[in-house]
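Analysis of the macromolecular model
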Amino acid sequence: GVTVTFPANKTLTINKALEIDDDTDLRFADDSALIYDGDDNAFDIPSGATVKLGDDVRLTFESKIKLTGASGAGNEITFSPLGAGDQWDYFDLKADGNDFDFVVFDGGYKTVEIRSDNNTFDNVTFENGWRGVSSYSHTGGGRSSFQLNDCTVSDNSGVGVVAYNTDFGMDDCTVEDNGEAGVWLTNAETTDGFTNNTITNNAATASTRAGLEVNAGGELDAWDSAYNTIKN
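Keep in mind the model is a prediction, meaning the values are calculated, not measured. (Residues numbered from 1 in each chain as written. Predicted model: local features only at pLDDT ≥ 70, side-chain atom pairs only at ≥ 80, totals over all residues. Heavy atoms only, no water.)

**Side note on the sheet that holds strand S13 (residues 103–106)**
Spatially, 10 strands are ordered S1-S4-S7-S10-S13-S16-S19-S22-S25-S27 in an open sheet, and the strand pairing comes out parallel. The sheet terminates laterally at strand S1 (2–6) and strand S27 (229–230), the two strands that pair on one side only. Direction of pairing for strand S16 (residues 125–127) relative to strand S19 (residues 152–154): parallel, over a ladder of 3 bridges. Note that in S19 the partner of Thr125 across the bridge is Thr152. (Pairing = 2+ DSSP bridges. Helix = DSSP H or I, 4+ residues; strand = E, 2+ residues; numbered from the N terminus.)

**Here we look at the packing of aromatic side chains**
Overall, the coordinates contain 17 aromatic pairs when judged by the stated rule. With 5.1 Å between their ring centres and 85° between their planes, Phe43 and Phe61 make a pair best called edge-to-face. Linking Phe43 in strand S6 (residues 43–44) with Phe61 in strand S8 (residues 58–61), this pair joins segments that are 18 residues apart in sequence. As far as the burial class goes, Phe43 and Phe61 line up, both buried. Ring geometry for Phe61 versus Phe91: centroids 5.2 Å apart, planes at 35°, classification tilted. You can see Phe61 sitting in strand S8 and its partner Phe91 sitting in strand S11 (residues 88–93), a full 30 residues away along the chain. (Phe/Tyr/Trp six-rings, centres within 6.5 Å; stacked < 30°, edge-to-face > 60°. Buried < 20%, exposed > 50% of the residue type's maximum accessible area, 1.4 Å probe, protein only.)

**What about the pattern of salt bridges?**
Counted according to the given criterion, the structure contains 9 salt bridges. The shortest N-O distance in the salt bridge between Asp92 and Arg115 comes to 2.7 Å. Of this pair, Asp92 sits in strand S11 while Arg115 sits in the loop between strand S14 (108–114) and strand S15 (119–122), and the two are 23 residues apart along the sequence. You can call Asp92 buried: its relative accessible area is 3%. It is possible to trace a salt-bridge network through shared partners that takes in Arg143, Asp167 and Glu189. (Salt bridge = Lys/Arg side-chain N within 4 Å of Asp/Glu carboxyl O.)

**Quick look at the nonpolar core**
Grouped together as the largest cluster of nonpolar side chains are 48 residues, with contacts concentrated most on Phe79, Phe91, Phe100, Phe105, Phe121, Phe126 and Leu148. Here this core takes 3 residues from S11, the largest share from any one element. With sequence-adjacent residues up to four places away left out, Phe126 is seen in contact with Phe105, Thr111, Val112, Phe121, Gly132, Val133, Leu148, Cys151, Thr152, Val153, Ser154 and Asn156. (Core = buried A, V, L, I, M, F, W, Y, C linked by side-chain atoms within 4.5 Å. Contact = heavy atoms within 4.5 Å.)

**Some words on the pairing of strand S23 (residues 183–186)**
Looking along a regular strand, one sees the side chains alternate between the two faces of the sheet. Inspection of the sheet shows strand S20 (residues 161–164) paired to S23 by 4 bridges, in the parallel sense. Bridging across to S23, Ala163 finds its partner in Leu185. Examined bridge by bridge, S23 and strand S26 (residues 212–214) share 3 bridges and lie parallel to one another. Its bridge partner being in S26, Val183 is matched across the sheet by Leu212.

**A few points about unusual backbone geometry**
At Asn41, a position not held by glycine, the phi torsion is positive, near 60°. As for its position among the elements, Asn41 is in the loop between strand S5 (33–36) and S6. Phi at Asn128 takes a positive value of approximately 60°, unusual for a residue other than glycine. With respect to the helices, strands and loops of the structure, Asn128 is situated in the loop between S16 and strand S17 (133–135).

**Quick notes on the state of the cysteines**
On inspection of all chains with the given rule, the structure shows 0 disulfides. Unpaired in terms of disulfides, Cys151 finds its nearest cysteine sulfur in Cys173, a separation of 4.7 Å. Exposure remark for Cys151: the relative accessible area of 1% places this residue in the buried category. For Cys173, a relative accessible area of 2% corresponds to the buried category. (Disulfide = S-S within 2.5 Å.)

Scope: geometric values only; no functional claims are made or implied.
Right, here's the structure in full:
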């Protein structure tokens, strides 16, 4: 195989496409950054690939991407720290319509920052970061939006799911063992339902936090026939 490492303290801009084959290991050294502004859905990483990200690495997506791994351990597309003690920064999703399926995000800071509409995460794991998945205002103003299906958000030191100034939905997800709130809503609304989720053992060491927090401007509507398990 071939190992390709982007150097430290550099920013790489891609304005066409990026395709990584099965025999290539992709790595980003500390404090490097990627800006992808190429063709839609042309950021291509194969199932089973692991991308290693150094300390403070940020990947910014000005064009939409679709990452599709496969079911089963070792078949997902995985983003994980380059070295021991590294904490990469986050995926900055600025284009609408991103799609992730069977992807593992391991060891990020904000991990994924959603600042766009119609983002879908199926069978995605967000683990061992500061936050699991974050959302913020849309880059064009107003709310962003996203949907989590069959996802796991676990073992992050801060909040598991940050829903800020966003419309979102969660179905069949597990949010557990996060240091602060499991799911946190502020100026956010569940417009696509909130069904069959398990939110457990969050904020176990944070006495002022809760498993599920609905704050100012937040509205959680579970919709019809919803069943959720919420503990701690």
